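Structure assessment
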Amino acid sequence: MFFKNYQIVVFKDRIGSCGHMRVSGWLIFILILLLVGLTGAVAYLWSFYPRYLSTDYQLREAEKTIQTQNTQIVAMSSKLQSLEEDVRRVQQFDAKLRVMMNVDRDPPDTSALAEKAENPAQGYVPLYRQDLLAKRMHSLADKLAEDVSLEEIRQQDILLALRQNREFMIMTPSIWPAEGHLTSGFGTRVNPLTGKTVLHAGIDIANRIGTSVIAPARGTVVSAGWQNAYGNCVVINHGNSITTRYAHMEKFTVKEGQVVNRGDVIGAIGNTGRSTGPHLHYEVRVGGVPVNPMRYILN
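Residues numbered from 1 in each chain as written. Predicted model: local features only at pLDDT ≥ 70, side-chain atom pairs only at ≥ 80, totals over all residues. Heavy atoms only, no water.

Quick look at the overall build of the protein chain now. The number of helices and strands found in the protein chain is four helices and 14 strands. Residues classed as buried in the protein chain amount to 32% of the 299 residues present. Long-range pairs, those at least 24 residues apart, make up 63% of the contacts in the protein chain with a sequence separation of at least 6. Carbon and sulfur atoms provide 58% of the accessible area of the protein chain, an area that totals close to 18800 Å². (Helix = DSSP H or I, 4+ residues; strand = E, 2+ residues; numbered from the N terminus. Buried < 20%, exposed > 50% of the residue type's maximum accessible area, 1.4 Å probe, protein only. Contact = heavy atoms within 4.5 Å. Areas by Shrake-Rupley, 256 points an atom, 1.4 Å probe, with all protein chains shown as cover.)

Right, here's the structure in full:
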């Protein structure tokens, strides 16, 4: 009976005119089912809305946490790299002291520090790389801690050697003889005056004429005067077969046989002799053989 045809009358105005339409019961039944289905679907989906709000809040909090962790990872990476550089500087300083004091001829092995923690160029680490980067940083931190512990032990050897060889250290040229820019290092180079490849037996420190030249250690002045290509030149004997030479000076303020201490002014930078500009040519010789002065400079 429900599925029979129904006639719907629609009155159009007050005078009684009307219209009518025939509707199948099946159509009404289907429309009711659709309405009930839609109502049920809306009610079902609405039950998930609180979960959606909770999930959305948790997602925003997770994004904040990830961003905070990312910032911390980037900062930690920079700190580890800075710490690694500090450890290397200490090891290089240690190596110089050992060479100077004949404690150890082999510098410490720093090859294990070659693998650095990544340093994100843009200050951001993708989520999929954060775990790997964190593991690398932990590994590097453990290696640095181990190197620091070993370095502390090595420093005890140096302190003992310093106590036993205090006089030796006082007479070892271990500071820069003048302020300025290093314009030429030790080793073979093309001579700017002759164009030939020759050994440059020292280092060149450029600065204005008149800049003070100081003794890098205690010693006795062997000679002070004009030496052809070297111009005004001073040679100091520091004992233990070590001598230093200071060339192209404008003037010298010491004389042969005079004893000087570390930091004493011995002259001034100039442009005398075979020189292409104002600078100090500084040499260190051991047993008369030129060696790289940078091997001794500690400051």
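As a further point, take the nonpolar core. In this structure, V213, V234, I236, Y246, V260, I266 and L280 are the most contacted members of the largest nonpolar core, which totals 21 residues. Elements with a minimum of two residues in this core: β6 (203–206), β9 (232–239), β10 (242–252), β12 (265–269) and β13 (279–286). If you look at the next biggest cluster of nonpolar residues, it comprises six residues, including I73, M137, L140 and L144. (Core = buried A, V, L, I, M, F, W, Y, C linked by side-chain atoms within 4.5 Å.)

Computed from the structure, the largest pocket encloses a volume of approximately 490 Å³. In this structure, the largest pocket is lined by 23 residues; those nearest its centre are R189, N191, H200, H248 and R274. Counting residues per element, the ones that place at least two in the lining of the largest pocket are β3 (181–184), β5 (197–200), β6 and β13. Of the residues assigned to the lining of the largest pocket, the class counts are eight nonpolar, 11 polar and four charged. (1 Å grid on protein atoms, 1.4 Å probe; cavity = no way out; pocket = protein on both sides within 12 Å on 5 of 7 lines; lining within 4 Å. Points joined across faces, edges and corners; volume = space filled by probe spheres on them. Nonpolar A, V, L, I, M, F, W, Y, C, P; charged D, E, K, R; others polar.)

The next subject is unusual backbone geometry. A positive phi angle is found at N240, which is not glycine, with a value near 55°. Relative to the assigned elements, N240 resides in the loop between β9 and β10. Backbone geometry at S241 places phi at a positive 65°, although glycine is not the residue there. Relative to the helices and strands, S241 resides in the loop between β9 and β10.

As a further point, take the pattern of salt bridges. Evaluated as defined, the whole model comprises four salt bridges. Salt-bridge contacts for R245 lead to E283; the nearest nitrogen and oxygen are separated by 3.5 Å. Linking R245 in strand β10 with E283 in strand β13, this pair joins segments that are 38 residues apart in sequence. Neither residue differs from the other here; R245 and E283 are each classed as buried. The partner of R285 in a salt bridge is E283, with the nearest N and O atoms 2.8 Å apart. Given the relative accessible area of 1%, E283 is considered buried. (Salt bridge = Lys/Arg side-chain N within 4 Å of Asp/Glu carboxyl O.)

Let us look at the confidence of the model for the protein chain. The predicted model of the protein chain averages 79 in pLDDT, with 76% of residues at 70 or higher. Note that pLDDT drops below 50 for residues 105–118; the model gives that stretch 32 contacts with residues more than four away or on any other chain. (pLDDT = per-residue confidence, 0-100.)

Attention shifts here to the environment of V87. Assignment of secondary structure puts V87 in helix α2 (residues 49–101). Looking at V87, the relative accessible area reads 8%, which means it is buried.

This paragraph deals with the pairing of β9. Burial analysis of β9 places six of its eight residues in the buried class, the great majority of the element. For strand β8 (residues 219–226) and β9, the ladder comprises six bridges, and the chain directions are antiparallel. Looking at β9, one finds that S223 is bridged to V235. Linkage of β8 to β9, two consecutive antiparallel strands, is achieved through a turn of five residues, within which N228 is found at a positive phi near 45°. Sheet topology note: the β9/β10 ladder contains six bridges and is antiparallel. Within β10, the position partnered with V234 by the bridge is Y246. (Pairing = 2+ DSSP bridges.)

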